[in-house]
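# An overview of the molecular structure
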Amino acid sequence: MAEARSLAQVYRRFGEVDAAESSPLYARVAVALSESEEALRAIEAVPARKRSPTVILAALHDLALAGRAPALAAAFAAADGAAAAAAAIDTLLRMTDAVAAIAVRRPTRTDETGRCAVLYPAIAEAARRVGADAVGLIDVGCSAGLNLSVDRVGITYGNGQSLGDPASPVRQSCSIVGDRPIPTRAMPEVVARIGIDLDPLAVTDPDDARWLRACQWPDQPERAARLEAELALAASAPPRLLPGDPVEVLPDALAQVPTTALPVVTTTWALSRFPLEHRLRFLHRLDEAATNRPISWVSVEGVGVAPAIPTLGDRRASGHSIIGLAVFNHSTLHAEAIGRCWSRGRLLAWLADS
């Protein structure tokens, strides 16, 4: 009973606080789940680490998108909170094993090219500092590799500046914090797109693409439309995806970048999932690989998460992230904090002289 009450409180809080403004539909469903003892018992059939509302709701959404829960799909499509709540409970009770199987197999994903507004100028700056005419992109923690289309996205900044492809079907906007403008330098040619993830998703795989859609909240049509455009863009030039531990896989990924191009490794809110020792090994891997040619690392991580990147005196858990640029060249490492960003790349303060 104590566990059930605790789970009920988690779902009620999610509905009344976390989803209240951004997704009235999920808010209604979460509160209904919190009030159903049968639903809570079904959720308890899932391993404890997979019982969170975001995971269970995504699993239910996946079943709806797959055509296995038509009543729930219809309620989601109509944005009918009452019908969605009833259908979610019914689906959960009838298909507990299926919900549990999806939840255990799939981590929630929030792939969005909002990160490109931060990555684009940082990658261009990395190429400028090394004098590179071409780059090979390696995204660590890539999920489905949407960041690897960074040069093919159209980006507009709040001060009127723009970067990327103005004809791209994927558009990104970003507000500028402070007076320093974003460098308008274009990225050089991208000759390799490689993603590393423990369990990468292929945008050309129907089940993987459906899971990305399932992780979107169904009453946010603008985000859903943006994801569809991002999936189509990535599918037109699918990246090479390498499954496994980034520390172990990184040398193979670097070897696949032509010697005429600068390897640029990117991490966006990925390193916090690893203990400090693992992050330091990651840094050592980059240093080892830079024996014969320069390698750049662009990091967008919480304050103090990326080893060797200055924190600018900022406090940990301060609500923003540090944009770091590290260049490894033979036995030399130059690491600098070149910016700050907020809201997963929706606000950007550029700091570097370039």
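Note that the coordinates shown come from a computational prediction; the quantities given were computed from them, not determined experimentally.

It is worth spelling out the sheet that holds strand S3 (residues 162-164) at this point. Strand pairing in a sheet takes place through backbone hydrogen bonds and is either antiparallel or parallel in direction. The strand order across the open sheet built from eleven strands is S3-S2-S4-S11-S10-S9-S8-S7-S1-S5-S6, with neighbouring strands paired in mixed fashion. Two strands bound the open sheet, and with one partner strand each, they are S3 and strand S6 (240-243). Each adjacent strand pair in this sheet contributes to an overall mean axis angle of 25°, direction not counted.

Here we come to unusual backbone geometry. Among all residues except glycine, the phi angle is most often negative; among peptide bonds, the trans geometry is most common. Of note, the phi angle at Ala-79 is positive, near 55°, even though the residue is not glycine. Notably, Ser-343 is not glycine yet its phi reads approximately 50°, a positive angle. Looking at where Ser-343 falls in the secondary structure, it is placed in the loop between strand S10 (332-342) and strand S11 (347-350).

A few words now on the packing of aromatic side chains. According to the stated counting rule, one finds four aromatic pairs in the structure shown. Both rings, one in Tyr-26 and one in Phe-76, keep their centres 6.0 Å apart while their planes meet at 65°; by these two values the pair is edge-to-face. Here Tyr-26, found in helix H2 (residues 24-34), pairs with Phe-76, found in helix H5 (residues 70-78); they are 50 residues apart in sequence, far enough to count as distant. For Tyr-26, a relative accessible area of 1% puts it in the buried group. Looking at Phe-76, the relative accessible area reads 6%, which means it is buried. Their ring planes at 55° and their centres at 5.7 Å tell us that Tyr-26 and Trp-217 sit as a pair that is tilted. Of this pair, Tyr-26 sits in helix H2 while Trp-217 sits in the loop between helix H9 (206-214) and helix H10 (221-235), and the two are 191 residues apart along the sequence. Grouping aromatic residues by their ring pairs yields a cluster made of Phe-14, Tyr-26, Phe-76 and Trp-217.

Locating Ser-34 in the fold gives a position in helix H2. Apart from residues lying up to four places away in sequence, Ser-34 is in contact with Ala-8, Tyr-11, Arg-12 and Leu-40.

Moving on, we come to H9. Every buried residue of H9 is listed here: Asp-208, Ala-209, Trp-211, Leu-212 and Ala-214. The distance from a side-chain oxygen at the start of H9 to the backbone nitrogen of Asp-207 is 2.9 Å, and the residue carrying that oxygen is Asp-205.

With that out of the way, let us pick up the pattern of salt bridges. If the charged atoms of two oppositely charged side chains come close together, the side chains can form a pair. Applying the stated criterion across every chain, the model contains 19 salt bridges. One salt bridge connects Asp-90 with Arg-94, and the closest N-O pair in it is separated by 2.8 Å. Here the residue Asp-90 and the residue Arg-94 both occupy positions in helix H6 (residues 81-94), the gap between them amounting to four residues, near one helical turn. The class of Arg-94 is exposed, set by a relative accessible area of 52%. Between Glu-248 and Arg-281 there is a salt bridge, with its nearest N and O atoms 2.8 Å apart.

This part is about the nonpolar core. Core analysis: the biggest nonpolar cluster contains 54 residues, and Leu-33, Ile-56, Leu-60, Leu-72 and Leu-92 have the highest contact counts within it. Here this core gets eight residues from one element, more than from any other, and that element is helix H4 (residues 53-65). Setting aside chain neighbours within four positions, we find Leu-33 in contact with Tyr-11, Ala-39, Leu-40, Leu-57, Ile-89 and Leu-92. Counting residues in each nonpolar core, the second largest holds 39 residues, with Leu-163, Leu-233, Ile-323 and Val-327 among its members.

Time to look at the environment of Leu-92. Along the chain, Leu-92 turns up in helix H6. As a C-alpha pair, Leu-92 and Gly-136 span 44 residues in sequence and 44 Å in three-dimensional space.

The rules behind each value
Position numbers for residues count from 1 along each chain, tracking the sequence in the order it is written. Owing to the predicted nature of the model, reporting of local features is limited to residues with pLDDT of at least 70; listing and counting of side-chain atom pairs is limited to 80 or more, with chain, interface and lining totals taken over all residues. Working from all heavy atoms in the structure, the side-chain values ignore hydrogens and water. We call two strands paired when DSSP finds no fewer than two bridges between them. Strands here are runs of E lasting at least two residues and helices are runs of H or I lasting at least four, both read from the DSSP assignment and numbered beginning at the N terminus. The axes are straight lines fitted to the C-alpha atoms, using for helices just the contacting stretch, and the angles between their N-to-C directions are given from 0 to 180°. Two rings from Phe, Tyr or Trp (for Trp, the six-membered ring) form a pair when their centres sit within 6.5 Å of each other. Planes less than 30 degrees apart are called stacked, planes more than 60 degrees apart edge-to-face, and all others tilted. Whether a residue is buried, partly exposed or exposed follows from its accessible area with a 1.4 Å probe, protein chains only, as a fraction of its type maximum: under 20%, in between, or over 50%, in that order. Every residue pair with non-hydrogen atoms within 4.5 Å of one another is taken to be in contact. A 3.5 Å cut-off defines polar contacts: any pair of N or O atoms within that distance qualifies, except that in protein one atom must be a possible hydrogen donor and the other a possible acceptor, and neighbouring residues in sequence count only when both atoms are side-chain atoms. The rule for a salt bridge is simple: a side-chain nitrogen of Lys or Arg has to be within 4 Å of a carboxyl oxygen of Asp or Glu. For this analysis, a nonpolar core means a set of buried residues of the types Ala, Val, Leu, Ile, Met, Phe, Trp, Tyr and Cys, connected via side-chain atoms within 4.5 Å.

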